Amino acid sequence: MKVVVIDYGMGNLRSVYNTVFRLGYSVKVSSEICDINNADKIILPGVGHFNNGMKNLTRFNLLDTIKENVITKQKPILGICLGMQMLADFSEEGNQKGFGWIDSEVISFNRINHLKVPHMGWNTLDFGHKSPLFNGINNQDEFYFAHTFHFNKTNKNQILATSNYIYDFTSAVTKENIVGFQFHPEKSHESGRILLKNFLDYHYV
Amino acid sequence: MYRPRIIPVMLLKGEGLTKTIKFKNERYIGDPINAVKIFNDLRADELVFLDILASKEKRTISLDLIREVGEEANMPFAAGGGIKSIQNIKEIINAGAEKVIINTAACLNIDFIEKASNEFGKSTIVVCIDIKKSKFGKYKILNLPRTHPLKNNPIEFAKLIELKGAGEIIVQSVDNDGVMKGYDYKLLKTVSDAVSIPVISLGGAGSISDFEKAINNSHVSAVGAGSLFIYHGSRRGILINYLNYEEKNHLKIQQNE
């Protein structure tokens, strides 16, 4: 199986590559259309501004390629952090539209207590419904988060997990072959590796 | 449930680990990659690497080292030392670090933080301020030029750092560095309460109860420590250590009460 980590100039892609590579998969970091077309599974990471993310995908000429691979060819895609947020309809961080595959908006954390923004640190997951993606994971396992914006008013059927920071928010989503994690599985010790492995091993039909 | 981060802070002199007391008395500790391997096994929350000679020697923290750390680390890490351009940050992020730590360059030109934050996003940019108490008990920011209007006002400078778009601030006490007798809680509280971004405490941690105090009384979002995670016993033998599962969870419960 071939994994492609999409390089569109948004943040640290090394750590995703390193983790997937150490799990034993054939993985490539690339912004080439042919590498995405040749891949079996796609990882869309990303850190930074929502507008820059969508603009860079356009500038690298990747929007149509990603859409074709995910929607027409039904290839599994995992969006991480900003990569997850771009799966939504839109974000109040900017004025660009997202892919619109997950019925959700993305909004900023609102400070109402002593907790600071960005939400930066380790947090647990409450699972919405059972998913093979969470095999081997329990609600005590911690994952690394670093974000200012979060999913809101997400279609309930597409919520995979929620987490609590200031209030409950959607921290993982899925719809058919599309998965999004707000946290960084590639930086979350053993628990993160299990999640990545589950995504990469799962046979989507 | 959310838990404040506990961060081992490792000082570098080029490629080797070192540890100071009050920014002096450097002592060679060992190989950074070996330390990362141990902190992997101990499941550390996050790591910080600071090259303390980089700015002075007009270079940046070693990219080869960051690459090696990135290949090993199962947790996020931040790197700092001599960063003063967008290109520097790009190289460090591409080499595998999650965040960069900017100190001297922020003191010399605060607009650099704004540029960096717009380019890489808030959560990538950490500013570290070193604070020293004068003979008369006044706080001074070490790297701010003598003539800077905020030289003696860490709180206003922290607010400016937030305004310019940094994602976090490390507040380091020079006087407490390596002393292991507790943080400067008062300083931490005033800075932390003045900004809405996370503050990381650094300088003085000597026990887990110091972490609790900084989190519960000074409202920091993360605690950093060097000596505590490097030394063992009163004779300061080198033995890399970290909190166990129960000790970490204890901090979580305290925070939410």
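See the structure above.
My aim in this report is to walk through the structure given alongside it, one point at a time. (Residues numbered from 1 in each chain as written. Chains lettered and ligands numbered in written order. Predicted model: local features only at pLDDT ≥ 70, side-chain atom pairs only at ≥ 80, totals over all residues.)

**Some words on the overall build of chain B**
Step number 1: Within chain B, the regular secondary structure consists of 10 helices and 13 strands.
Step number 2: The globule rule puts the C-alpha radius of gyration for 257 residues at 18 Å, and the 17 Å found for chain B is close to it.
Step number 3: If you line up chain B on its principal axes, its C-alpha atoms span 45 × 40 × 40 Å.
Step number 4: Every one of the 257 residues in chain B was classed for burial, and the buried ones make up 50%. (Helix = DSSP H or I, 4+ residues; strand = E, 2+ residues; numbered from the N terminus. Rg over C-alpha atoms; globule rule 2.2 N^0.38 Å. Buried ≥ 20, exposed ≤ 12 C-beta atoms within 10 Å, placed from the backbone.)

**Side note on the overall build of chain A**
Step number 1: Within chain A, the secondary structure is distributed over 6 helices and 13 strands.
Step number 2: Counting only C-alpha atoms and orienting by the principal axes, one finds that chain A spans roughly 50 × 40 × 30 Å.
Step number 3: Counting across all 205 residues of chain A, residues that qualify as buried make up 54%.

**Some thoughts on the interface of chain B and chain A**
Step number 1: With 31 residues of chain B in contact, the opposing surface of chain A contributes 28 residues.
Step number 2: When contributions to the side of chain B that touches chain A are tallied by element, the ones reaching two or more residues are helix H2 (63–72) and helix H3 (86–95) of chain B.
Step number 3: Broken down by element, the residue count for the side of chain B that touches chain A peaks at 3 residues, all from H3 of chain B.
Step number 4: Considering only residue class, the side of chain B that touches chain A consists of 12 nonpolar, 11 polar and 8 charged. (Contact = placed C-beta atoms within 7 Å. Nonpolar A, V, L, I, M, F, W, Y, C, P; charged D, E, K, R; others polar.)

**Details of the environment of His 114 of chain A**
Step number 1: Residue position: His 114 of chain A is located in the loop between strand S6 (105–108) and strand S7 (119–123).
Step number 2: Along the backbone, His 114 of chain A and Asn 52 of chain A are 62 residues apart, and their C-alpha atoms lie at a distance of 30 Å.

**Details of the packing of helix H1 (residues 32–41) of chain B against H2 of chain B**
Residue and element names in this part refer to chain B.
Step number 1: At a minimum axis separation of 10 Å, H1 and H2 run at an interaxial angle of 20°. As judged from the angle between their axes, H1 and H2 are roughly parallel. Once H1 is placed against H2, the crossing between them reads as right-handed. Contact with H1, carried on its side by Pro 32, Ile 33, Val 36, Lys 37 and Asn 40, involves Leu 65, Glu 68, Val 69 and Glu 72 of H2 and no other residues of that element.
Step number 2: Broken down by class, the residue content of the contact of H1 with H2 amounts to 5 nonpolar, 1 polar and 3 charged. (Axes fitted to C-alpha atoms, helices over the stretch in contact; angles between N-to-C directions. Parallel < 35°, antiparallel > 145°, perpendicular 65-115°, else oblique. Left-handed = near helix turned anticlockwise from the far one by under 90°.)

**Digging into the packing of H2 of chain B against H3 of chain B**
Residues and elements named next belong to chain B.
Step number 1: Contact geometry of H2 with H3 gives a least axis separation of 8 Å together with a crossing angle of 30°. Of the possible angle classes, the one that applies to H2 and H3 is roughly parallel. Of the residues in H3, those touching H2 at Leu 63, Ile 66, Arg 67 and Gly 70 are Glu 91, Ile 92 and Ala 95.
Step number 2: When grouped by side-chain class, the residues that make up the contact of H2 with H3 number 4 nonpolar, 1 polar and 2 charged.

**Considerations on helix H7 (residues 185–194) of chain B**
All names here are of chain B.
Step number 1: Within the span of H7, buried status applies to Leu 187, Leu 188, Val 191 and Ser 192. Seen from one end, H7 has its buried residues packed into an arc of 120°, which puts them on one side.
Step number 2: Elements that come into contact with the buried residues of H7 comprise strand S7 (125–133), strand S8 (139–141), helix H6 (154–163), strand S9 (168–173), strand S10 (199–202) and helix H8 (208–216). (Arc of directions from axis to C-beta.)

**Quick word on the pairing of strand S11 (residues 159–165) of chain A**
Residue and element names in this part refer to chain A.
Step number 1: Counting buried positions along S11 gives 5 out of 7 residues, so the element sits mostly inside the fold.
Step number 2: Pairing analysis gives 6 bridges linking S11 to strand S12 (residues 167–175), with the strands arranged antiparallel. When the sheet's bridge partners are listed, Tyr 165 is paired in S12 with Tyr 167.
Step number 3: Linking two consecutive strands that pair antiparallel, namely S11 and S12, is a turn of 1 residue; a positive phi of about 65° is found at Ile 166 within it. (Pairing = 2+ DSSP bridges.)

**Description of the environment of Ser 117 of chain B**
Residues and elements named next belong to chain B.
Step number 1: Following the sequence through the fold, Ser 117 ends up in helix H5 (residues 111–120).
Step number 2: Given 20 C-beta atoms within a 10 Å radius, Ser 117 is considered buried.
Step number 3: If near-sequence neighbours (up to four positions away) are discounted, Ser 117 is found in contact with Lys 122, Ile 125, Lys 164, Gly 165 and Ala 166.

**Structural notes on the nonpolar core**
Step number 1: The biggest cluster of nonpolar side chains holds 78 residues, and the ones touching the most others in it are Leu 47 and Val 100 of chain B.
Step number 2: When near neighbours in sequence (up to four residues on either side) are disregarded, Leu 47 of chain B contacts Ile 7, Pro 8, Met 10, Val 36, Phe 39, Ala 73, Met 75 and Phe 77 of chain B.
Step number 3: Counting 59 residues, the second-largest nonpolar core is a separate cluster that includes Ile 6, Leu 13, Ile 102 and Leu 195 of chain A. (Core = buried A, V, L, I, M, F, W, Y, C linked by C-beta atoms within 7 Å.)

**Observations concerning unusual backbone geometry**
Residues other than glycine predominantly adopt negative phi, and peptide bonds predominantly adopt the trans conformation.
Step number 1: In this chain, Val 117 of chain A is followed by Pro 118 of chain A through a cis amide linkage whose omega measures 5°.
Step number 2: Mapped onto the elements of the fold, Pro 118 of chain A is located in the loop between S6 and S7.
Step number 3: Positive phi values are uncommon outside glycine, yet Cys 81 of chain A reaches one of about 60°.
Step number 4: By C-beta crowding, Cys 81 of chain A is classed as buried, having 28 other C-beta atoms within 10 Å.
Step number 5: A positive phi is found at Arg 43 of chain B, a non-glycine position, where the angle reads about 55°.
Step number 6: Tracing the backbone shows Arg 43 of chain B in the loop between H1 and strand S4 (47–51).
Step number 7: Residue Arg 43 of chain B is classed as partly exposed on the basis of its C-beta count, with 18 C-beta atoms lying within 10 Å.

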